[in-house]
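# Report on the structure
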Amino acid sequence: MSSVPAASHAKPRSAAMEALAALWRRPHVRACMLVVLAYLLVAVAGYAHLLPDHEAAVGDAQQPPSWHLATLLGTDILGRSVLWRVLAGAQTAVTIGLVTTTLAVPFGTALGLAAGYFGGWVDAIINWVYSVVVSVPDILLITAISYALGKGLTSMCVAIAATSWVSIMRLVRGEVLRHKGSDYVLAARSLGAGSRRIMFSEILPNVIHVAIVTSSLVLLAAVKGEVILTYLGLGVQDGASWGLLIAGASQDLTNEIWAPLLGTVTAMFLLIYSLSAIGDALRDVLDPRLA
Amino acid sequence: MGAYVVRRLLQAIPTVFGVALLTFLLFNAFGPDPVRTALGNHATAEAIANLRHQWGLDQSLPLQFVDFLRQIVTFDYGRSYVTGDDLGTQLKSGALVSLSVTVPPFVFGAIVNVSIALFITRHRDGIVDRAARALFIGAMSVSALVYVLALQYLLAFKLDWFPINGYESGWAAVKYLALPWLIQLLLLMGPDIRLYRTLFLADIDADWVRTARSKGAGEGRVLFRHVLPNAWIPIITQNVTTIPFLILGSFLMERFFSIPGIGNLTIDALSRGDLPVLKAVTVLGALALVLFNLVNDLLYAVADPRVRLS
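Residues numbered from 1 in each chain as written. Chains lettered and ligands numbered in written order. Predicted model: local features only at pLDDT ≥ 70, side-chain atom pairs only at ≥ 80, totals over all residues.

On to the overall build of chain A. Regarding its fold elements, chain A presents 10 helices and 0 strands. For chain A, the sequential pattern of α-helices and β-strands runs α-α-α-α-α-α-α-α-α-α. If one aligns the C-alpha atoms of chain A with their principal axes, the spans along those axes are about 75 × 50 × 30 Å. For chain A, with 291 residues in total, the buried portion stands at 44%. Excluding contacts between residues fewer than 6 apart, the proportion of contacts in chain A whose partners are at least 24 apart in sequence is 65%. (Helix = DSSP H or I, 4+ residues; strand = E, 2+ residues; numbered from the N terminus. Buried ≥ 20, exposed ≤ 12 C-beta atoms within 10 Å, placed from the backbone. Contact = placed C-beta atoms within 7 Å.)

Once that is clear, we can look at the overall build of chain B. Of the regular secondary structure elements, chain B holds 15 helices and 0 strands. Expressed along its principal axes, the backbone C-alpha trace of chain B runs to roughly 85 × 60 × 35 Å. Buried residues in chain B amount to 32% of all 310 residues. Sequence-distant contacts in chain B: of pairs separated by 6 or more residues, those separated by 24 or more amount to 71%.

With that settled, consider the confidence of the model for chain B. Mean pLDDT over chain B: 84, with 99% of residues reaching 70 or higher. For this predicted complex, the interface confidence reaches an ipTM of 0.85, while the overall pTM sits at 0.85. (pLDDT = per-residue confidence, 0-100.)

Turning our attention to the nonpolar core. Membership of the largest hydrophobic core comes to 135 residues, with the highest contact counts inside it found for A90 and I246 of chain A together with L278 of chain B. The dominant element in this core, judged by the number of residues it contributes, is helix 8 (residues 195-232) of chain A, at 18 residues. The contact partners of A90 of chain A, leaving out residues within four places of it in the chain, are Y39, V42, A43 and A267 of chain A. Among the nonpolar cores identified, the runner-up in size contains 12 residues, and I120, L199, F200 and L223 of chain B belong to it. (Core = buried A, V, L, I, M, F, W, Y, C linked by C-beta atoms within 7 Å.)

Taken residue by residue, the interface counts 36 residues in chain B and 29 residues in chain A. Those elements that place two or more of their residues in the side of chain B that touches chain A are helix 1 (2-30), helix 7 (144-158), helix 11 (243-248), helix 12 (251-256), helix 13 (262-272) and helix 14 (275-303) of chain B. Residues that form the side of chain B that touches chain A fall into these classes: 25 nonpolar, 10 polar and 1 charged. (Nonpolar A, V, L, I, M, F, W, Y, C, P; charged D, E, K, R; others polar.)

Glancing now at the environment of T101 of chain A. Residues and elements named next belong to chain A. Position of T101 relative to the elements: it lies in helix 3 (residues 82-118). A count of 25 C-beta atoms within 10 Å places T101 in the buried class. Leaving out residues up to four positions away in the same chain, T101 has contacts with S215, V218, L219 and A222.

Residues and elements named next belong to chain B. Mapping A95 onto the fold places it in helix 5 (residues 87-122). Considering only alpha carbons, one finds A95 and L248, 153 residues apart in sequence, at a separation of 6.8 Å. In contact with A95, not counting residues within four places along its chain, are I247 and I262.

Residue and element names in this part refer to chain B. Mapped onto the secondary structure, A20 falls in helix 1. We classify A20 as buried; it has 22 C-beta atoms within 10 Å. As a C-alpha pair, A20 and A286 span 266 residues in sequence and 9.3 Å in three-dimensional space.

Once that is clear, we can look at the packing of helix 3 of chain A against helix 6 (residues 153-180) of chain A. Residue and element names in this part refer to chain A. One can describe the packing of helix 3 onto helix 6 by two numbers: an axis separation of 6 Å at closest approach and a directional angle of 35°. The way helix 3 lies across helix 6 gives a crossing that is right-handed. Grouping the constituent residues of the contact of helix 3 with helix 6 by class yields 22 nonpolar, 6 polar and 3 charged. (Axes fitted to C-alpha atoms, helices over the stretch in contact; angles between N-to-C directions. Left-handed = near helix turned anticlockwise from the far one by under 90°.)

The next point concerns the packing of helix 5 of chain B against helix 10 (residues 219-240) of chain B. Residues and elements named next belong to chain B. In contact at an axis separation of 11 Å, helix 5 and helix 10 are set at 140° when each is read in the N-to-C sense. Relative to helix 10, the element helix 5 lies oblique. Helix 10 is crossed by helix 5, and the crossing has right-handed handedness. Contacts between helix 5 and helix 10 involve A110, V114, L118, T121 and R122 on the former and, on the latter, E219, L223, I235 and N239. A per-class count over the contact of helix 5 with helix 10 returns 5 nonpolar, 2 polar and 2 charged. (Parallel < 35°, antiparallel > 145°, perpendicular 65-115°, else oblique.)

Excluding glycine, residues mostly carry a negative phi; peptide bonds, for their part, are mostly trans. Phi angles above zero are rare outside glycine, and H49 of chain A is one such case at about 55°. Tracing the backbone through its elements, the reader meets H49 of chain A in the loop between helix 2 (27-47) and helix 3. Owing to 8 C-beta atoms within 10 Å, H49 of chain A belongs among the exposed residues under this scheme. Positive phi is not limited to glycine here, since S258 of chain B has a value of about 50°.

What follows is the structure, encoded as structure tokens:
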């Protein structure tokens, strides 16, 4: 091997980097990625206590919008800055999206991998759990979990994750079944690779794109779901959430106050639109069959 | 076919058992004590013990679970903790109200959306198609909550075309339901038309469609005689799986417009710790889902004989 000259070009990039680069090349998707990055920065700033306090009054009650950063979208009924509350709502939305996705995607992927690879009773048990969870309508499962764990941010993340791992598990399982009998798996096995190596080093890299594409849908559903669930009284109880903001804005509407609603809706629209555009593009790049 | 039905019914038993177990664990084992919720923090030990006995919560968990299974099999879910009403009648009237909220937009929406999707497919990649696609992507990025709020404000509060919220039984309900119907119809349009368009486009270059074209069939004939008939199965499947959700009603609409359907019943029960209601709704919702999935599979088996044997 030493006689082979070292490759002159750079180390080949991983599939994930390739996909990101392919996304970045599309101007529309690049703009959406920058928007999502901005939301991430807002969330990080929020956790680093760099955002202004959204609970503090900055002026009179229901002040109209003015060219001052704190009162750009006016103030609410307690004189708090609507803009600060929209930003704090963004922090909540990003948190719920990320936590839910990090709970659901690895869980669903691992179960799908195990069910597809081992088959037999492992598959039977995982499929039973799957069939039970998909049989309970999402909204009822979320209601039940928020009863068991108490209402709030944590239980909402768990509840949304509990309803979203199932689709990932089913898709990954299907892909694993397709790959299990492939020549490359047989080759690895004949070279003496064990189950763990075959599952994680051979099959997983070939099926992970399914999980990545679906995770963008999970993220989107979590962000959208939080608003509705909070409005229904199942989600965030205090603090800041776009759902609470919209509920408050509906009171303001009867007094002809539009700014809080427009601000919240715009903030939600930008994030949801960008996430769905990135998700669609990701599907084009990673899995042409699904497009 | 009979053997297939029996086999699928038997397969549903472990699933329903699992649903019962999950429901029981979440509400009875992990959830907060409903007796405490009902009596508050200052109740005497005797009052707590009495109520716990009255609700059967003094038995061991396995015994309570067996009792729950008996309720599921006999469809006798007992009485609400809060109102003391028989759950059978309460849920039945709630389900009827929920159906009256969801069925009209569901039926009307299916007809309208299939027609629009056909029209868009006819003019695919033209200006109508591209405009519609852009519009739907934008429209679907706005939360459903915003549509409800904005339309209520505009059509009920500002223009006074509809009552703001409320409900009356009988035909008078139509007055209150018209706005929720309209909103649901609009909310269904984006996702449904996109789905139907994809289904139609999947077949648009299929061999049999190409053959039809080469025989001189016009675009209209191709769509109605060759593409649409093949798309019926996925369209029907999609709609059959929606039926259980029609019974559950729209939580958002019922909450927003104060309509006393299953959704409102459930959310009220959640805040009051009314376990029998919550457990009954969860299990019945799951049973409906299992049942209609079965119906779906049977429809598939009728349409495609290969399914029956595998």
